[in-house]
Amino acid sequence: MLPYAAYLRVYEPLTAFAESERKVWADYADSRDRPRRANALNAEHSESVMRLLGMPPQPVPAQESPNAYLRRVEDRLYVCPWQTRLRSWLAFSRLRGTAPVRLMDRLVPKAIAEQTADDFDRFKRQAGSSALRTHIRTTAWHVPPSWFVPFDGNERWLVLGSSAPGQDVTTATGRNLIYVTSMAQARRRTARALGVLRRHLGDAAANFDVEDIARWLEEFHPHSLVELDYGGLVHLMNDDALQADQSVAELSAALTGLDTGQEELAYAMYQRVILRWKSMQQLESAN
């Protein structure tokens with residue numbers, strides 16, 4: 001878990017889970033000891049830091065997390081399991097596949113890295129490919145443009161929080177920017193965007209990763225909820241920047257412009273999104 005990360009989450013209705021899991025999650029929702037929404041990200045991050053700073057470091061937890069993010073709509077409970085162990089395995093595999101060997105050996109001792117990889121291979125053989133489905137996607141230092149596609153600008157929920165006198169507003173508590181929509185709407189918008197891109201860009205449409213998002217959304221219950229959470233990125237943006245961030249609406253306008261022949265509008269809106277997040281990504285190497 002990274003402090004400056006954003007999250008794309010799917011919350012499935014309780015009825016989507018196996019019968020053996022339903023009581024577990026129902027009891028979890030009633031528990032007073034579970035991490036609450038306000039501090040869940042901090043709890044996830046702290047747990048990861050403790051593992052990685054240990055001697056020796058532990059890239060992947062020994063057991064799967066029992067925690068989840070929860071939402072209630074009227075009387076219906078929606079569950080988004082943390083799946084910390086699975087997500088750590090997947091992230092470790094990506095890192096091991098892309099990082100230079102010398103860097104990897106400095107991050108994680110070779111024996112531990114090999115054991116972690118062997119454990120994951122054993123898990124995949126025993127559990128099957130369906131067990132590799134994650135309810136949460138994470139990205140550091142930016143939000144990919146494809147993540148904005150499932151949402152509408154009117155689904156934006158911004159809380160600037162409050163800061164103490166003399167405190168930087170970016171460290172204010174309760175600060176958040178979230179979009180939430182139904183799975184039906186998310187799939188419809190993603191399909192529409194994919195159609196527009198394929199009609200007007202042909203094979204180049206694959207460069208926008210919208211098809212990947214569409215396939216991922218299809219893996220879940222049709223009555224699920226989809227959430228985009230700016231997470232820790234809100235602490236890199238001041239109040240004016242957060243209020244001005246209309247990336248979802250701008251990307252939607254870009255797609256509409258592309259589909260209606262308004263190429264200048266499409267280009268201008270798309271550039272606004274790209275430049276905003278490119279400047280954010282540059283902060284990663286600024287310190």
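All values derive from a computational prediction rather than experimental measurement.

Novice: Could you give me a rundown of unusual backbone geometry, with the residues and numbers involved?
Specialist: When glycine is set aside, most residues are seen to have a negative phi, and most peptide bonds are trans. One non-glycine residue, E74, lies in the positive phi region at around 55°. As for its position among the elements, E74 is in the loop between β2 (68-73) and β3 (76-81). For E74, a relative accessible area of 76% corresponds to the exposed category. Its identity as a non-glycine residue notwithstanding, W141 has a phi of 70°, on the positive side. Topologically, W141 is positioned in the loop between β4 (136-140) and β5 (156-159). The buried category is assigned to W141, whose relative accessible area is 16%.

Novice: Let's hear about the packing of aromatic side chains: which residues, and what values?
Specialist: Centre-to-centre distance and the angle between the planes together describe a pair of aromatic rings. Evaluated as defined, the whole model comprises 12 aromatic pairs. Both rings, one in Y4 and one in W141, keep their centres 5.1 Å apart while their planes meet at 50°; by these two values the pair is tilted. Linking Y4 in the segment before β1 (5-13) with W141 in the loop between β4 and β5, this pair joins segments that are 137 residues apart in sequence. When the ring of Y69 is compared with that of W82, the centres are 5.7 Å apart and the planes differ by 40°; the resulting orientation is tilted. Remark: W82 occurs in the loop between β3 and α3 (84-98) and Y69 occurs in strand β2; sequence separation between them is 13 residues. You'll find Y69 and W82 in the same group, each marked buried. Each residue in the set F17, W25 and Y28 is aromatic and connected to the rest through ring pairs, giving one cluster. Directly above the ring of Y69 sits R9, whose terminal nitrogen or CZ lies 4.1 Å from the centroid. Between R71 and the ring centre of Y11, over which it is positioned, the NZ or CZ distance is 5.6 Å.

Novice: Before we move on, could you go through a nonpolar patch on the surface and cite the residues and values that matter?
Specialist: Taken together, the side chains of L95, L103 and L107 define a hydrophobic patch exposed on the protein surface, amounting to about 240 Å² of accessible area. With respect to the helices, strands and loops of the structure, L107 is situated in helix α4 (residues 101-107).

Definitions and cut-offs
- Residues numbered from 1 in each chain as written.
- Predicted model: local features only at pLDDT ≥ 70, side-chain atom pairs only at ≥ 80, totals over all residues.
- Heavy atoms only, no water.
- Helix = DSSP H or I, 4+ residues; strand = E, 2+ residues; numbered from the N terminus.
- Buried < 20%, exposed > 50% of the residue type's maximum accessible area, 1.4 Å probe, protein only.
- Phe/Tyr/Trp six-rings, centres within 6.5 Å; stacked < 30°, edge-to-face > 60°.
- Lys NZ or Arg CZ within 6 Å of the ring centre and 35° of its normal.
- Patch = residues over 30% accessible without salt bridge, like charges linked within 9 Å, V, L, I, M, F, W, Y side chains within 5 Å.
- Areas by Shrake-Rupley, 256 points an atom, 1.4 Å probe, with all protein chains shown as cover.
- Salt bridge = Lys/Arg side-chain N within 4 Å of Asp/Glu carboxyl O.

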